[in-house]
Amino acid sequence: MDIIISNTSSQPIYDQIYSQIKAMILNGTLKEGDALPSMRLLAKELRISVITTKRAYEELERDGFIETVTGKGSFVGRTNLELIKEEHLKNVEEALSQAIDEARLAGLPLSELISLLEMLYQE
């Protein structure tokens, strides 16, 4: 599993792990039922504390992305299409909010912004 940790990031390490595994699940790199590395193995590979990987896995499980089976390990949970759709919708809303802010700064009228969005969406 390719997880890249940045010690210079302001984002906590457990959150970097959480975000990257969540992204792999949402984009289909990790599929339902796929086994995740054990917390100990991931901690060893990333040269971090097991407590850090444990927290990331707990957060992923709490949010329904993975399931942990005692004695067997952690696996990508059953795909909740509504959860995935909600995550994508949240990302779209954030991106559109940024685009709207930029359009306002540039003095772009709403009609031109809508035309631009329609043109880009058709591509």
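Parameters at a glance
In this numbering scheme, every chain counts its residues from 1 along its sequence in written order. Restriction of local features to residues with pLDDT of at least 70 applies here, the model being predicted, together with a cutoff of 80 or more for giving and counting side-chain atom pairs; totals for whole chains, interfaces and linings are based on all residues. With hydrogens and water stripped out, all remaining heavy atoms of the structure feed into the side-chain values. Surface patches are drawn from residues lacking salt bridges whose relative accessible area is over 30%; two like charges belong together within 9 Å, two nonpolar side chains (Val, Leu, Ile, Met, Phe, Trp, Tyr) within 5 Å. To measure how exposed things are, a 1.4 Å probe is used in the Shrake-Rupley method; for residues, cover is taken only from the protein chains shown. Here, a salt bridge means any Lys or Arg side-chain nitrogen found within 4 Å of an Asp or Glu carboxyl oxygen. For this count, His and the chain ends are skipped, Lys and Arg are scored as positive, and Asp and Glu as negative. We put the charge of a Lys on NZ, of an Arg on CZ, of an Asp on CG and of a Glu on CD. Secondary structure elements are taken from DSSP: a helix is a run of H or I of four residues or more, a strand is a run of E of two residues or more, and numbering for both begins at the N terminus. Here's how the labels work: a residue is buried when its accessible area is under 20% of the maximum for its type, exposed when over 50%, partly exposed in between, all with a 1.4 Å probe on protein chains only. Interaxial angle, 0 to 180 degrees, is taken between N-to-C directions of lines fitted to C-alpha atoms, where a helix line uses only the stretch in contact. For this classification, under 35 degrees means roughly parallel, over 145 means roughly antiparallel, 65 to 115 means roughly perpendicular, and everything else is oblique. Two helices that cross are described as forming a left-handed crossing if the nearer one is turned anticlockwise from the farther one by less than a right angle, and a right-handed crossing if clockwise. Contact criterion: two residues are considered in contact whenever any of their non-hydrogen atoms come within 4.5 Å of each other. Each residue is assigned to one class: nonpolar for Ala, Val, Leu, Ile, Met, Phe, Trp, Tyr, Cys and Pro, charged for Asp, Glu, Lys and Arg, and polar for all the others, Gly among them. The split into domains, and so the bounds of each, comes from an automatic or database assignment of domains. Here's the idea: put two parts together, see how much 1.4 Å probe accessible area each one loses, and the total over both is what we call buried area. The term polar contact refers here to a pair of N or O atoms within 3.5 Å; inside protein, the definition further demands a hydrogen-donor-capable atom paired with an acceptor-capable atom, and it admits residues adjacent in sequence only when both atoms are side-chain atoms.

Chemist: For a negative patch on the surface, give the residues involved together with the corresponding values.
Modeler: Negative charge collects at one region of the surface, where Glu-82, Glu-86, Glu-93 and Glu-94 lie side by side. In this fold, Glu-86 is placed in helix 4 (residues 81–106). Look at Glu-86 and you get partly exposed, because its relative accessible area is 49%.

Chemist: Give me the packing of helix 1 (residues 13–26) against helix 3 (residues 50–62): which residues, what numbers.
Modeler: Two numbers describe how helix 1 lies on helix 3: the axes approach to 8 Å, and their chain directions differ by 45 degrees. One element, helix 1, and the other, helix 3, form an angle in the oblique class. As for how helix 1 packs across helix 3, the hand of that crossing is right-handed. Between helix 1 and helix 3, the contacting residues are Ile-13, Tyr-14, Ile-17, Tyr-18, Ile-21 and Lys-22 on the first element and Thr-52, Thr-53, Arg-55, Ala-56, Tyr-57, Glu-59 and Leu-60 on the second. Taken together, the residues of the contact of helix 1 with helix 3 sort by class into 8 nonpolar, 2 polar and 3 charged.

Chemist: Can you tell me about the domain arrangement of the chain, naming the residues and giving the values?
Modeler: Domain annotation for the chain reports domain 1 (13–76) and domain 2 (81–122). Computed from C-alpha atoms alone, the centre-to-centre distance between domain 1 and domain 2 is 31 Å. On the domain 2 side, the residues contacting the 4 residues of domain 1 number 4 residues. For the domain 1 and domain 2 pair, buried surface summed over both sides reaches about 380 Å², with 68% attributable to carbon and sulfur atoms. A per-residue breakdown of the area domain 1 buries against domain 2 is headed by Lys-22, Leu-26 and Phe-65, which together make up 82% of the total. Summed over the shared surface of domain 1 and domain 2, the number is 1 salt bridge. In this structure, the salt-bridge partner of Lys-22 is Glu-87, at a minimum N-O distance of 2.9 Å. At the junction of domain 1 with domain 2, the criterion picks out 1 residue pair in polar contact (both at pLDDT 80 or more).

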